[in-house]
Amino acid sequence: MLTQNPLSQERKKKLRWFVTLSTLPLLGVLTAFGLVPQSDLGLPSAQVSIEDIALPSADDDYAVFSFWHSERVQRGDTVAELLSRLNIEDQDASNYLRTSPETESLRKLSVGKEIQAETSATGELISLRYLSNHDEQILINKQDDAFKIIALPAQFEKRLFVRTGEIKTNLYAAADAAGMPEAAANQLYELFSGDIDFHHDLRVGDKFTAVFEMNYHNGALMNTGRILSAEFINQGHVYRAIYFQEDDQHGDYYTPEGKSVQKAFLRSPIEYSRVSSGFSNSRFHPILNKWRSHKGVDFAAPAGTKVKSTADGIVTYVGRDGGYGNVVRINHQGRYTTVYGHLSRFALNLRKGQHVVQGEVIGYVGMTGLASGPHLHYEFKINGQQHNPMRVALPDAKPISNAYYSAFRAVADEFVARLNLLRNTNLAKLD
Ligand SMILES: [Zn+2]
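A brief report on the enclosed structure follows. (Residues numbered from 1 in each chain as written. Predicted model: local features only at pLDDT ≥ 70, side-chain atom pairs only at ≥ 80, totals over all residues. Heavy atoms only, no water.)

### Section: the coordination of the zinc ion
Donor atoms from the polypeptide that coordinate the zinc ion comprise H294 (NE2), D298 (OD) and H377 (ND1), at 1.9 to 2.2 Å from the metal. In the primary structure, the donors to the zinc ion are separated according to the pattern H-x3-D-x78-H. A relative accessible area of 4% places H294 in the buried class. (Donors = N, O, S within 2.8 Å, 3.2 Å for Na, K, Ca; no water. Buried < 20%, exposed > 50% of the residue type's maximum accessible area, 1.4 Å probe, protein only.)

### Observations regarding the nonpolar core
In terms of nonpolar packing, the biggest core is built from 30 residues, with L171, M180, L188, F192, F208 and F232 touching the most fellow members. Those elements that provide at least two residues to this core are β6 (156-166), α6 (171-177), α7 (182-192), β7 (207-217), β8 (220-234) and β9 (237-245). Look past the residues within four positions of M180 in its chain and what remains in contact with it is R163, A175, A185, L188, F208, A210 and F212. Core analysis: the second largest hydrophobic core is formed by 26 residues, A301, A311, V356 and L376 among them. (Core = buried A, V, L, I, M, F, W, Y, C linked by side-chain atoms within 4.5 Å. Helix = DSSP H or I, 4+ residues; strand = E, 2+ residues; numbered from the N terminus. Contact = heavy atoms within 4.5 Å.)

### Notes on α7
When we look at burial in α7, the residues that qualify are A184, A185, N186, L188, Y189, L191 and F192. Buried residues along α7 sit in contact with α6, β7, β8, β9 and β10 (251-254).

### So, the layout of surface pockets
Quantified by volume, the largest pocket comes out at close to 1,100 Å³. As for the largest pocket, its lining consists of 43 residues, and the residues nearest its centre are E190, Q262, K263, L266 and Q358. Only α7 and β10 provide two or more residues apiece to the lining of the largest pocket. Residue composition of the lining of the largest pocket, grouped by class: 20 nonpolar, 13 polar and 10 charged. (1 Å grid on protein atoms, 1.4 Å probe; cavity = no way out; pocket = protein on both sides within 12 Å on 5 of 7 lines; lining within 4 Å. Points joined across faces, edges and corners; volume = space filled by probe spheres on them. Nonpolar A, V, L, I, M, F, W, Y, C, P; charged D, E, K, R; others polar.)

### With respect to the sheet that holds β6
Strands sit in the order β6-β7-β8-β9-β10 across an open sheet of five strands; the sheet is antiparallel. Pairing within the sheet leaves two strands with one partner each, and these edge strands are β6 and β10. Taking each pair of neighbouring strands and ignoring which way they run, the sheet shows an average axis angle of 25°. In this sheet, β7 lies alongside β6 in antiparallel orientation, the contact comprising 11 bridges. Within β7, the residue paired with E157 across the bridge is Y216. Packing of α7 onto the sheet brings it into contact with β7, β8, β9 and β10, and relative to β8 it is tilted by some 35°. (Pairing = 2+ DSSP bridges. Axes fitted to C-alpha atoms, helices over the stretch in contact; angles between N-to-C directions.)

### Re the environment of S193
Structurally, the position occupied by S193 is in the loop between α7 and β7. Between the C-alpha atoms of S193 and R267, which are 74 residues apart in sequence, the distance is 6.9 Å. When neighbours within four sequence positions are excluded, S193 is seen to be in contact with F198 and R267. A distance of 3.3 Å separates a polar side-chain atom of S193 from the backbone oxygen of E190. (Polar contact = N/O pair within 3.5 Å; in protein donor to acceptor, adjacent residues only side chain to side chain.)

### Examining the environment of G225
Along the polypeptide, G225 turns up in strand β8. Apart from residues lying up to four places away in sequence, G225 is in contact with Q187, E213, M214 and N215.

### Remarks on helix α4 (residues 91-99)
Among the residues of α4, those classed as buried are A93, S94, Y96 and L97. Viewed end-on, α4 has its buried residues packed into an arc of 165°, placing them on one side of the element. Within α4, the exposed residues directed more than 90 degrees away from the buried face are Q91 and T99. The secondary structure elements touched by the buried residues of α4 are α3 (79-85), α5 (104-107), β3 (125-131), β4 (137-143) and β5 (146-152). (Arc of directions from axis to C-beta.)

### Topic: the environment of D145
Following the sequence through the fold, D145 ends up in the loop between β4 and β5. With relative accessibility at 66%, the residue D145 sits in the exposed group. Taking the C-alpha atoms as reference, D145 lies 8.8 Å from D92; in sequence the two are 53 residues apart.

### Considering the pairing of β10
As paired elements, β9 and β10 share four bridges and run antiparallel to each other. Each residue of the ladder has a partner; that of I242, found in β10, is Y254. Counting the residues that bridge the hairpin from β9 to β10 gives five residues.

### Concerning the pattern of salt bridges
One side chain can pair with another of opposite charge once the charged atoms of both are near each other. The final tally for this structure, using the stated rule, is 10 salt bridges. With a shortest N-O distance of 2.7 Å, D77 and R85 are connected by a salt bridge. A relative accessible area of 22% places D77 in the partly exposed class. Assessed through its relative accessible area of 24%, R85 is described here as partly exposed. Residue E104 is joined to K108 by a salt bridge in which the shortest nitrogen-to-oxygen separation is 3.0 Å. By sharing partners, the salt bridges in this structure join E71, D77 and R85 into a single network. (Salt bridge = Lys/Arg side-chain N within 4 Å of Asp/Glu carboxyl O.)

Structural data, given as structure tokens:
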């Protein structure tokens, strides 16, 4: 069975209001987004589609009375048995499929592979299609009493989806209610977590919209692709992000003004973990048994959880240091330093003087040094002075380069215009 939609049936029901929204205005939006620099799409914009699948359609010549059957190869199947299940009663076709060297790929089909056949009312074969063991799309057509076979490369395809959600409890619940896959919700979280503290700043009624790709292989959903553009309205403040590729290798997210959405620093060195002890000038230390300041943030996480460098930088220290236990210190752009303490172990071959990039794993959560349980102690210093890493205004990563600014401008203008249209439509429908 081909998957038509990443949504389950139940979800579809819940989402009826959204589906209504999506039919009319979003097609316009999607056409427009087809112009976004999706060089990786490899498709002209006209082919970008939502939620429709090209099921085998009757060939024009035979459109009057034809029937489609679909069967899977079973263990021990013969071609004759398969044809019989497909309601094919056609001696010529049977001979061709059983003996022709051209149709060897059919006879070698693995158990479980699906075959679709189109027949006349009397069982004459009109066309047959299947995916070969080598993932080629095989099409066999009867033309003027002869059979023609063609093999097409497997079709990988990206389809665009638009989802709009509203916060009632948390981001993931809202994304789920909006029919957005978790992988897309994760991206949304990462995209805006530099600007929005999803633990503290989120409010009921905050809204988001995301345009994202879903990857299909021969019409079947494979996985969630990339968010191409998104908007998050947090406490009335609008944040927007647009994906733009300067070349085949490098893409990044920018605000409509061309500023990087990504911060030079990640807000947290651990994914999706909870702050167990915040930044303060005075707290009761559970091991030292006395009050002292806590000039960092503790992230609760199981021992062994990956710890990532929050920014590009140079490792200045790897080793043991008193209460910090196993600690890594990294210098960034001269004036910034980040500190990662209580590690169980370091990333393999990590050493002083090494260059690390943002998101690179530098070690693993542990409880070395003064720690009552596994957690990461993280410090963020500016000119040697500790700041609250969860609150400090993080510097932006580099903006769109001048060479690509006008190309980006065109994309961004289109995006903003369409998003405004979409938002007005949403508000109108939600009232
Ligand atoms: Zn700590």
